[in-house]
Amino acid sequence: MSLKSVQRKRQYDSPKYRAFWKAAQIRLYLSPKHRFSEMKKNLKNVQFHDSILSTIGRTPLVRIQKVNKGCKALVLAKLEYFNPGGSVKDRIGVEIVEEAEREGRLKPGGTIVEATSGNTGMGLALAAAVKGYHCVFTMPDKMSIEKIRLLRALGAEVIVTPTAVPHESPESYTEVAKRIVRETPNSILANQYYNPRNPDAHYRSTGPEIWEQTGGQVDYFVCAIGTGGTITGAGKYLKEKNPNIKVVGVDPKGSVLREYYYTKKFSPVFKTYKVEGIGQDYVPGVLNFQYVDEVVEADDKESFLMGRRLAREEGLLVGGSAGTAMAGALKVAERLPEDTLMVVLLPDTGERYLSKMYNDDWMREHRFLVPERITLRYIVESKRGTPGLVSVDPVTTIRSALDLTSQHHVSQLPVIDKGKCVGSVDESDLMSTVINTPSMVDAPVSKVMKDPFPLVHKDEQVQSAVAYLSKTYPAVLVEEDGKIEGIVTRYDVIQYMSR
Ligand SMILES: Cc1ncc(COP(=O)(O)O)c(C=O)c1O
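Nothing here was measured: the structure is a model prediction, and the numbers come from that model. (Residues numbered from 1 in each chain as written. Predicted model: local features only at pLDDT ≥ 70, side-chain atom pairs only at ≥ 80, totals over all residues.)

1. Focus: the overall build of the chain
At step 1: A count of helices and strands for the chain gives 18 helices and 15 strands.
At step 2: Its C-alpha atoms give the chain a radius of gyration of 33 Å, more than 25% over the compact-globule value 23 Å for 499 residues.
At step 3: Each of the three principal axes of the chain carries a C-alpha extent, and together these read 130 × 65 × 50 Å.
At step 4: Burial status across the chain gives 40% buried among its 499 residues.
At step 5: The long-range fraction of contacts in the chain, counting pairs at least 24 apart against all pairs at least 6 apart in sequence, stands at 67%. (Helix = DSSP H or I, 4+ residues; strand = E, 2+ residues; numbered from the N terminus. Rg over C-alpha atoms; globule rule 2.2 N^0.38 Å. Buried ≥ 20, exposed ≤ 12 C-beta atoms within 10 Å, placed from the backbone. Contact = placed C-beta atoms within 7 Å.)

2. Let's talk about the pairing of strand β4 (residues 134-140)
At step 1: Summarising burial for β4: five of the seven residues are buried, a large majority.
At step 2: Relative to β4, strand β3 (residues 111-115) is paired through five bridges, and the arrangement is parallel. For Glu114, the partnering residue across the bridge sits in β4 and is Phe137.
At step 3: With respect to chirality, the unit in which β3 leads through helix α5 (residues 119-131) into the neighbouring parallel β4 is right-handed. (Pairing = 2+ DSSP bridges. Right-handed = clockwise from strand over helix to strand, strands pointing away.)

3. Regarding the packing of helix α15 (residues 398-408) against helix α16 (residues 427-436)
In a packed pair of helices, the relevant descriptors are the angle between the two axes and the axis-to-axis distance.
At step 1: Relative to each other, α15 and α16 sit at 140°, their axes nearing to 10 Å. Classified by the angle between their axes, α15 and α16 sit oblique to one another. Viewed along their axes, α15 and α16 form a crossing whose handedness is left-handed. Contacts between α15 and α16 involve Ile398, Ala401, Leu402 and Thr405 from the former and Glu427, Leu430, Met431, Thr433 and Val434 from the latter. (Axes fitted to C-alpha atoms, helices over the stretch in contact; angles between N-to-C directions. Parallel < 35°, antiparallel > 145°, perpendicular 65-115°, else oblique. Left-handed = near helix turned anticlockwise from the far one by under 90°.)

4. Points about the sheet that holds strand β9 (residues 294-298)
At step 1: The six strands are arranged β1-β2-β10-β7-β8-β9 in an open sheet whose pairing can be described as mixed. In the strand order of this sheet, the two ends are held by β1 (61-63) and β9, each with one partner. Sheet twist, expressed as the average angle between the axes of neighbouring strands with direction ignored, equals 25°.
At step 2: Here β1 runs beside strand β2 (residues 74-79); their pairing, made up of three bridges, is antiparallel. Looking at the pairing, Val62 lines up with Ala77 of β2.

5. Points about the nonpolar core
When a protein is soluble and globular, its nonpolar side chains tend to lie buried together.
At step 1: Phe221, Val222, Ala325, Met326, Ala329, Val344 and Leu346 are the most contacted members of the largest nonpolar core, which totals 55 residues.
At step 2: Dropping the residues within four chain positions of it, Phe221 is found in contact with Ile210, Ala234, Gly235, Leu238, Ile245, Val247 and Val343.
At step 3: If you look at the next biggest cluster of nonpolar residues, it comprises 33 residues, including Met143, Leu151, Val158 and Ile180. (Core = buried A, V, L, I, M, F, W, Y, C linked by C-beta atoms within 7 Å.)

6. Focus: the site of the ligand
At step 1: Around the ligand, the structure places 19 residues, and the nearest of them are Gly226, Thr230, Gly277, Ser321 and Pro347.
At step 2: Residue assignment for the shell around the ligand shows that the elements contributing at least two residues are α5 and α9 (229-241).
At step 3: Residue contributions to the shell around the ligand peak at three residues, all from α9.
At step 4: Looking at the shell around the ligand residue by residue, the class counts come to five nonpolar, 11 polar and three charged. (Near = placed C-beta within 6 Å. Nonpolar A, V, L, I, M, F, W, Y, C, P; charged D, E, K, R; others polar.)

7. Re the sheet that holds strand β15 (residues 483-489)
At step 1: Spatially, β13-β14-β15 is the arrangement adopted by the three strands of the open sheet, whose pairing is mixed. At either end of the open sheet lies a strand with only one pairing partner, and these are β13 (455-457) and β15. Sheet twist, expressed as the mean angle between neighbouring strand axes with direction ignored, is 40°.
At step 2: Pairing geometry for β13 and strand β14 (residues 475-480), over three bridges, is parallel.

8. Overview of unusual backbone geometry
If a residue is not glycine, its phi is most likely negative; likewise, a peptide bond is most likely trans.
At step 1: Within the chain, Asn191 stands out as a residue other than glycine whose phi angle is a positive 60°.
At step 2: Among the secondary structure elements, Asn191 is positioned in the loop between β6 (187-189) and α8 (197-213).

9. A short note on the environment of Gly486
At step 1: Inspection of the secondary structure assignment puts Gly486 in strand β15.
At step 2: With 73 residues separating them in the primary sequence, Gly486 and Leu413 have C-alpha atoms 11 Å apart.
At step 3: Look past the residues within four positions of Gly486 in its chain and what remains in contact with it is Val380, Gly388, Leu389 and Val478.

Here it is, written out as structure tokens:
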């Protein structure tokens, strides 16, 4: 044994050295990482993700069946609300954070800052929560309150800035975000509008998913444009696979992107619109029109109404920009032949817009919801929870009829005999009769009843009932298939109108 190895052996055998190793082993054993890898050895057939971040992507394609009536092409919706943060932006959040970590720009305890319409914030906040970073987001004030609350729920700080200012104004959400980064040590700007990781994320996930899910048979890919990350990244991938695939962008009316695509010029005036997350007053750095074949437009009303139809007719609870994407996609799909396969990307969940596009008052206030044809069916159904049709027959006594009116808080009673309305009584008339002639209280209502209420079919418009109600009748009866189904009074119509 050489002198050196004898010396080393002595060193390893020393009590000090052994104590050091024992402490190190205990520390290692106690570390959550070690315990987890030990535990993992015993976990067979247990299926789980290491963290929420690996559940991002692989969103489903679902066939559109109703809102595309008249289109021959097969239209498939890619449902990005299946991502854990509820939007397509989860894909870029984790990508941007991990790149900044790899480059050493984001260090433990660091802060992620971003100007976001909400969804990118969610994606970044998920990554930050798992990896232990702090987030500060700036958001324009047109964004829904739900988005602000969601970001705060994930631990982010949210600063609300004015919407109606140009993007270069110091007050704009992008400029405020830049200032926060300058003033915050150990912080990074996620910078989705200029960060190449944004389109890269779609090049590496969204594009390949669409290609694989359609077995390479996709003919058209349609998506709304915000930063342009989705259309640029997924469009690039799909065109590399097959240059004949057509990539269509949808721009909300008021944005400058469509005009710029066709004329290479901007209108000097930027008009605001209500759809969130898409459209711009300039061309973002990551948007590359090289991969785009066509840009179509959809306005706020079309977008919100289409979004609501997707929810009610297809069961897809999506946001307003999904309505924009689908409304634009269908303008293209209308002219396509039968054997065409179109994929439309629906960016986020509608749960974020319950106070807006899914709120009838908000829709009416902004003139997006104009009741085109309100039928009596709607009024009868909206009275659910009330006692329904309260009636008497001709032999019911005036006393019982008065009891019924006070019990059910109604003032009009149809008199029904063998399923037919043969007359009507009114609470105040019944009371006058009893006050004037008390002995009449036990007389049958047939003695005092007036003309029957008019019968109107359930599918008639409200106006046809109003014509009767404003004349002599206090109520109309609503029938379907010869059966009396309900009653609509003057009060019901006024209630409906005031709503
Ligand atoms: C709701 C919503 N839809 C669509 C988009 C557009 O996606 P992209 O920025 O990749 O163009 C965004 C982007 O922020 C969004 O928030």
